[in-house]
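Each chain, written out:
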Amino acid sequence: MLALEGKPGNFTAKVKVRPRYIDPDKCTACGLCTQYCPRHLVDGYNEGLALTRPIHIDYPQAVPASYYIDPEACLYLTENTCKICVPVCRSRAIDFTQVEKIEELQVGAVVVAPGFGRVPDSTLAKYGYGQHPDVVTSLEFERLLNPSGPYQGQVLTMSDRRHPKRLAFIQCVGSRDLGCDNGYCSSVCCMYAIKEAMVAKEHDPELDITIYYMDMRTQGKDFDAAQKRAESQFGIKFVRAKVADVMPWGKKGLKLTYSTLDGGHHFEPFDMVVLSVGLDSPKDAQAIAQTLDIELNKYDFCDTSAFAPLNTSREGIFVAGAFQGPKDIPESVTQSSAAAGIASALLKQQRGAGYVIKSYPEERDIKDEEVRIGVFTCHCGINIGGVVNVPSVDQYAGGMENVVYHSESLYSCSQDAQEVIKQKIKEHKLNRVVIAACSPRTHEPLFQETLKDAGLNRSLFEMVNIRDQCSWVHAQEPEAATRKAMDLIRMGVAKARGIKPLTEQTVPVTAKAVVIGGGVAGMTAALTLAEQGFHTTIVEKEAALGGNLLAIKKTILGVDTEKTLKAMIEQVKKAKLITVCTQAELLDVSGFVGNFSSVIRLANGQENTIDHGVIILATGGKEHTPKTVLGKELPDSEAIITQRELETRLNAKGKKLPDSVVMVQCAGSRGDDLNYCSKVCCNHAVKNALTLKEKNPQAQVIVLYRDLRTYGYAEEKYREAREQGVIFIPYNLDAKPELDQKGKAKAVAVRFFDPILGEEVTVNPDLVVLSVGIVPQGSEVLSKLLKVPITADKFFLEAHVKLRPVEMPVDGVYVCGLAHSPKPLDETVVQAQAAAAKAAMPLVKGMVKVDPIVSHVDKEACIGCGLCVSLCPYKAIQMLTSEDKKKRAETIVASCKACGICASHCPTFAISMGGFTNEQIFSQIEAFGKSIEDKL
Amino acid sequence: MSQASEFNPRILGFLCNWCCYAAADAAGVSRYQYPPNLRTIRVMCTGRLDPVFVMKGLIEGADGIFTGG
């Protein structure tokens, strides 16, 4: 991006496009060019630990799946010689005439997602990085662990390629470190260190691994469980310490010196040391900010606010991912969905403009036709043909029953090959097409499109994978690969004989939403949907909107939440596209994505039925009331309160503030009562401690904690609190603090072990403040009503932690806020925006398209046992009472995911899967059996 | 070429479209080499796998059944 001019909805972006020297439309990613390219190049993708060639692809899954040429290294582009790749490339994709292009794009909005940068080498040098080859960064170690990495996933030392026996991780390298001006916590390093350590142990169970850390910040959903697993199951050691340095030791080893809390100095020998490097701002952050005219914060990350975490300082420009602040993959994915949603709301007038709807010839009715199969076997250049004997495979295919046409093609996916296929379908009246080539996962849609163009139903197609799963993996055994290709084609043809045309169904969508919960998450989701132009009904069980935030005045970073919340509530009330039902409850939900029907009980007891297309779960959470704290029952004392109660007292006018406070963290969370970290309590404690210190500087504040989890920018406040004299003392589960009632009913004595003094201390504070944690609300009832899963901790369980973080497995149901897991305000807002963005997708489309591979119930054979209904994970089968008053199952096609669990369990074989019928699979198995005679 | 005396099993695999089949594709992309004894049937989920399919595979002469999901 060179420049951005204009205003929201009408920007002109000037963009420089560097040449790839390869036409991505022609490149088939076969990799032949890399094999022939004579020059070596250090492989940047593998962190410089491996070699590649100037013509290469970074990794097999890269998008676009096209190679490119590094102009700095290519012999032709630097020395004007070579060009060997040009004749080598069979698809003639190499194009040295490409030049740098300057393009002007007319856009309505911009999303900035440049990711994160590197911690400077000078910071790493403190731990011997650059001086000793066996001190590596976590990014380098990640590549070492990877099967496509420099040593094919073997963990080897860099110095002499031996298997290390002892491995150390050093946390907080370049994070929580004012030495390199990174006063923030990078939030992700504890978790990735645990992951890398566990993967390394899976590779080599003998490996002895120690992680040196200051605080284990595994605050995310189910992250604590992962740490526990690392410790108990994998035997990974965790040592709370500050590492002083890493020095050479003997001939090969390393000596790691560290100090522990009690002031002791120790050292340990290791074979390899991994530095858990933090996430720095992108190297070109300043330049990006200047080009786009957006503000950065003091660490050069994008500056945003808690209520609008993705809005940059310039209207119409949004940010997503680590550039907004260090974060992990699930949060980055959530942010990207949210940013896309906000941007698309800005462009909603243009929605659908410029669409061209493709037309197809009328579908041929093949009902009365005999089975006529055409088999096309692909050479894929030399990718298949170089190993598998394609001509003999083609001949073999020609000899099979019902095969009336067969041929070879060089690239069956090429445009001209599609024309040939269409022509042959017509010429030979083919009514089943089998393509033996690459993977249906990548190419099935392309060929199905060709079938439709030729007037055939797209289901009349079967793909046989003789490249990815044959020629590529048996490159040294051409004869065996050829036999395997024949077997697979025979099985494919057997399946194809039984294919029936299947109709694609579309189901119309009611373009309205229901949001359960009227806290910040629910209101944000409703407002975001309103901006997209969709009507939303908010169902709130309390008498007022606002939820948990009503009890809070500001965030730890000082954002005034009271005012903004008030404005938000007003905005929701005024919004024409939002209906608010308070003191209301969801009684029943029926239907499926696009066509839900919900019964809602209103404040006056009246029951209303609402039709809607999607549902967002924003039911929130509440302060936990622990049964036991620190393994004991709580003493009955007015001097014991919660953080939230303290916040109310601190904000009340004219109240006398306490002179001494002991805060107890994890008083409920992390194993005492709740099995998880509540993520926000450490921030809450630090915020309250600072407020108290500000209002009553004489007050003594002691915070007893296990791991202080002020991740991200909150780390600054933790430092500030320490500077203000707040005393932070860690405890562990072997020596929990004890609360005792003292004489008078009101007073409480707190006894704890001080690791610095090395002895037990008793204090008698005015107040003991408990960080009690957060529990979800109402999730169990809704889980049964909507048939959506919840975790063991009763939070809603998303469809996929990383890939679908705000969607539920049941289509058309989304989740955000505390109902998903405990989280602070900014993360709640983003998640709500993301849920709204995802929920808007079916509403925008106006219909739900159903892949015809869904399940189908044979009404005659169904005995109405209901087993399928209870087993279906997607709520996609219902029991209906038919005219003869007998119960029968029926598939809700719009919800079906084609998994086939119903079909495999039906006791009367009444359920069949489109394209994967019992008959088809049986024929495949029988065809497999026939190959026995061929002898391998 | 294998010798006649050597056990050369024929294995029938049922691969889930979303995970194991995708992984088998990725193995190809990375050019991992493995013995050519496996013949696969793609299903949309191993939930589709009726025990009858396993029996049928064994009856048809498979020496082993592989499921990946």
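Reference entry: report on the structure contained in this document. (Residues numbered from 1 in each chain as written. Chains lettered and ligands numbered in written order. Predicted model: local features only at pLDDT ≥ 70, side-chain atom pairs only at ≥ 80, totals over all residues. Heavy atoms only, no water.)

### Things to note about the overall build of chain B
Looking only at helices and strands, chain B has two helices and three strands in total. Listing each helix as α and each strand as β along chain B from the N terminus yields β-α-β-α-β. Seen along its three principal axes, the alpha-carbon backbone of chain B occupies a region of about 35 × 35 × 10 Å. Within chain B, the fraction of its 69 residues that count as buried is 51%. If you take every contact in chain B between residues at least 6 apart in sequence, the share linking residues at least 24 apart comes to 84%. When the accessible area of chain B is evaluated, it comes to approximately 3,200 Å², of which 65% is carbon and sulfur surface. (Helix = DSSP H or I, 4+ residues; strand = E, 2+ residues; numbered from the N terminus. Buried < 20%, exposed > 50% of the residue type's maximum accessible area, 1.4 Å probe, protein only. Contact = heavy atoms within 4.5 Å. Areas by Shrake-Rupley, 256 points an atom, 1.4 Å probe, with all protein chains shown as cover.)

### Digging into the overall build of chain A
Across its full length, chain A holds 24 helices and 44 strands. A compact globule built from 936 residues should have a C-alpha radius of gyration of about 30 Å, and chain A, at 32 Å, falls within 12% of that. Based on the C-alpha atoms only, the size of chain A along its principal axes is roughly 95 × 80 × 60 Å. When the 936 residues of chain A are sorted by exposure, 55% land in the buried category. Summed over its atoms, the accessible surface of chain A is roughly 41,400 Å², and 51% of this surface lies on carbon and sulfur atoms. Of the side chains in chain A, 108 bear a positive and 112 a negative charge, and the two mean positions are spaced by 2 Å. (Rg over C-alpha atoms; globule rule 2.2 N^0.38 Å. Lys, Arg positive; Asp, Glu negative; His and termini not counted. Charge placed at Lys NZ, Arg CZ, Asp CG, Glu CD.)

### Points about the pattern of salt bridges
Residue and element names in this part refer to chain A. Scanning all chains against the criterion turns up 55 salt bridges over all chains. The residue R166 makes a salt bridge to E268 at a minimum N-O spacing of 2.7 Å. Placement of R166 in strand β10 (residues 166–173) and of E268 in strand β14 (residues 265–270) is noted, with a sequence separation of 102 residues between them. Judged by relative accessible area, R166 falls into the partly exposed class, the value being 22%. (Salt bridge = Lys/Arg side-chain N within 4 Å of Asp/Glu carboxyl O.)

### So, the environment of S439(A)
Position of S439(A) relative to the elements: it lies in the loop between β19 (432–437) and α12 (440–453). By relative accessible area, which is 1% here, S439(A) ends up buried. Separated by 25 residues in sequence, S439(A) and V464(A) have C-alpha atoms that sit 7.3 Å apart. S439(A) has contacts with E444(A), M463(A), N465(A), D468(A), Y21(B) and D25(B), leaving out every residue within four places of it along the chain.

### Describing the side chain of N297(A)
All names here are of chain A. Within the secondary structure, N297 is located in the loop between α8 (285–292) and β16 (317–319). Polar side-chain contacts of N297 include one of 2.9 Å to the backbone nitrogen of Y299. Each residue touching N297, except ones within four places of it in the same chain, is listed here: C302, D303 and Y713. (Polar contact = N/O pair within 3.5 Å; in protein donor to acceptor, adjacent residues only side chain to side chain.)

### A few points about the pairing of strand β31 (residues 660–664) of chain A
Each regular strand shows side chains that alternate between the opposite faces of the sheet. All names here are of chain A. For β31, a buried count of five out of five residues is recorded, marking the element as mostly surrounded by other parts of the structure. Both faces of β31 are covered, namely the face carrying S660, V662 and V664 and the face carrying V661 and M663. Pairing analysis gives five bridges linking β31 to strand β32 (residues 700–705), with the strands arranged parallel. Pairing of M663 across the sheet is with V703, part of β32. Where the polypeptide runs from β31 across helix α18 (residues 681–695) and back to β32, its parallel neighbour, the crossover connection is right-handed. Here four bridges tie β31 to strand β37 (residues 767–770), and the two strands are oriented parallel to one another. (Pairing = 2+ DSSP bridges. Right-handed = clockwise from strand over helix to strand, strands pointing away.)

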